[in-house]
Amino acid sequence: MQKQKLLYKGKAKSVFETEDSDFLVLEFRDDTSAFNGERVEQLARKGQVNNRFNAFIMQKLAEAGVETHFEKQLSDNEVLVKRLDMIPVECVVRNFAAGSLVRRLGLEEGQELSPPTYELFFKDDALGDPMVNESLSITLGWATQEQLAEMQRLTYVVNDVLAKLFDAGDLMLIDFKLEFGVYHGRIVLGDEFSPDGCRIWDKATKKKLDKDRFRQSLGDVIEAYEEVAQRIGVPLD
Ligand code: TMP
């Protein structure tokens, strides 16, 4: 399937229409952004690494019974996906405290969260992706109660599958963010799963191996993504 008109240019991916209205092409670019797009840099190989990482994870999730938009990797930087009607709510699970939760509640970074917590954020760069809840999401018409319940159920299934996968590579899945959409009436996982949208630490040293390396200017960002990929078995070449 060929990519046609550019539909939308996000911070790290561009979205193209195809000749079939049920499918889109996502192009993973090397652009890396933080602080809601305030800081943007090009990191060589990032588009390719994230495309392969995402394809691998989406296939693992499909095997575990989570329906995803992933259809087929088309090239180093491109993937064919189902066209979803996206729900503007980001679903976050946290297994250990980090990021905005630490800032908000003054917790110690790395503190175990048992059972894992689940939070919703409104996807809106101009507002800085503010935290919301189910009640607001229903009242403002972003999703129905049933859709939100299914998103929460699926996010926890993803956490179970991926926490084990990363653990087998001696890695800790600290937290992650998912986005869902509706496809022919069903809730389907969209967007991407890559080290841009999650936190992953080395189990022994607690070294950060995710986008916090970029946010915190720790260096070797893509080398860290590649290390995670290699440890969980993502084919990189
Ligand atoms: P936070 O600690 O900044 O709230 O983020 C929690 C996790 O979700 C972290 O792995 C980063 C990811 N995330 C995104 O990738 N994009 C977002 O817009 C948000 C709110 C979170």
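Everything below is about the structure shown above.
## Thoughts on the overall build of the protein chain
Next up, step 1: A count of helical and extended segments in the protein chain gives 6 helices and 13 strands.
Next up, step 2: Over its C-alpha trace the protein chain gives a radius of gyration of 17 Å, about what one expects of a compact globule, namely 18 Å for 237 residues.
Next up, step 3: Principal-axis analysis of the C-alpha atoms gives the protein chain an extent of 50 × 45 × 35 Å.
Next up, step 4: A burial count over the protein chain gives 50% of its 237 residues as buried.

## With respect to the environment of S137
Next up, step 1: The topology assignment puts S137 in helix α3 (residues 134–139).
Next up, step 2: When the C-alpha atoms of S137 and F122 are compared, they prove to be 8.4 Å apart, with 15 residues separating the residues in sequence.
Next up, step 3: With residues near it in sequence (within four places) discarded, S137 still touches V89, L120, V132, W142, A143 and L148.

## Overview of the site of the ligand
Next up, step 1: Around the ligand, the structure places 16 residues, and the nearest of them are E90, R94, S100, D129 and D175.
Next up, step 2: Residue R94 places a side-chain N or O atom 2.8 Å away from an oxygen atom belonging to the ligand.
Next up, step 3: S100 places a polar side-chain atom, nitrogen or oxygen, 2.5 Å from an oxygen atom of the ligand.
Next up, step 4: Within the complex, 85% of the 450 Å² of free accessible area of the ligand lies under protein.
Next up, step 5: In the shell around the ligand, the residues fall into 5 nonpolar, 3 polar and 8 charged.

## Here we look at the pattern of salt bridges
Next up, step 1: Evaluated as defined, the whole model comprises 30 salt bridges.
Next up, step 2: Put simply, D196 and K46 hold a salt bridge, and the shortest N to O gap is 2.4 Å. With D196 in the loop between β12 (186–189) and β13 (198–202) and K46 in helix α1 (residues 46–63), this pair connects stretches of sequence that are 150 residues apart.
Next up, step 3: Under the relative-accessibility criterion, K46 is labelled buried at 1%.

## Some details on the environment of G37
Next up, step 1: Here G37 shows up in the loop between β4 (31–34) and β5 (39–42).
Next up, step 2: Linking G37 and E134, residues 97 residues apart in sequence, is a C-alpha distance of 26 Å.

## A short note on the sheet that holds strand β1 (residues 6–9)
Strand pairs in the sheet, formed through backbone hydrogen bonds, run parallel or antiparallel to each other.
Next up, step 1: A sheet is described by the order of its strands in space; here 5 strands give the open sequence β1-β2-β3-β7-β6, paired in antiparallel fashion. In the strand order of this sheet, the two ends are held by β1 and β6 (70–73), each with one partner. Between one strand and the next, the sheet's axes are offset by a mean angle of 25 degrees, whatever the strand orientation.
Next up, step 2: For β1 and strand β2 (residues 13–17), the ladder comprises 3 bridges, and the chain directions are antiparallel. Note on β2: the bridge partner recorded for L6 is F16.
Next up, step 3: Most of the contacts of α1 go to β6, to which it runs at about 135 degrees, and overall it touches β3 (23–28), β6 and β7 (78–82).

Cut-offs used in this document
- Residues numbered from 1 in each chain as written.
- Predicted model: local features only at pLDDT ≥ 70, side-chain atom pairs only at ≥ 80, totals over all residues.
- Heavy atoms only, no water.
- Helix = DSSP H or I, 4+ residues; strand = E, 2+ residues; numbered from the N terminus.
- Rg over C-alpha atoms; globule rule 2.2 N^0.38 Å.
- Buried < 20%, exposed > 50% of the residue type's maximum accessible area, 1.4 Å probe, protein only.
- Contact = heavy atoms within 4.5 Å.
- Near = heavy atom within 4 Å.
- Polar contact = N/O pair within 3.5 Å; in protein donor to acceptor, adjacent residues only side chain to side chain.
- Areas by Shrake-Rupley, 256 points an atom, 1.4 Å probe, with all protein chains shown as cover.
- Nonpolar A, V, L, I, M, F, W, Y, C, P; charged D, E, K, R; others polar.
- Salt bridge = Lys/Arg side-chain N within 4 Å of Asp/Glu carboxyl O.
- Pairing = 2+ DSSP bridges.
- Axes fitted to C-alpha atoms, helices over the stretch in contact; angles between N-to-C directions.

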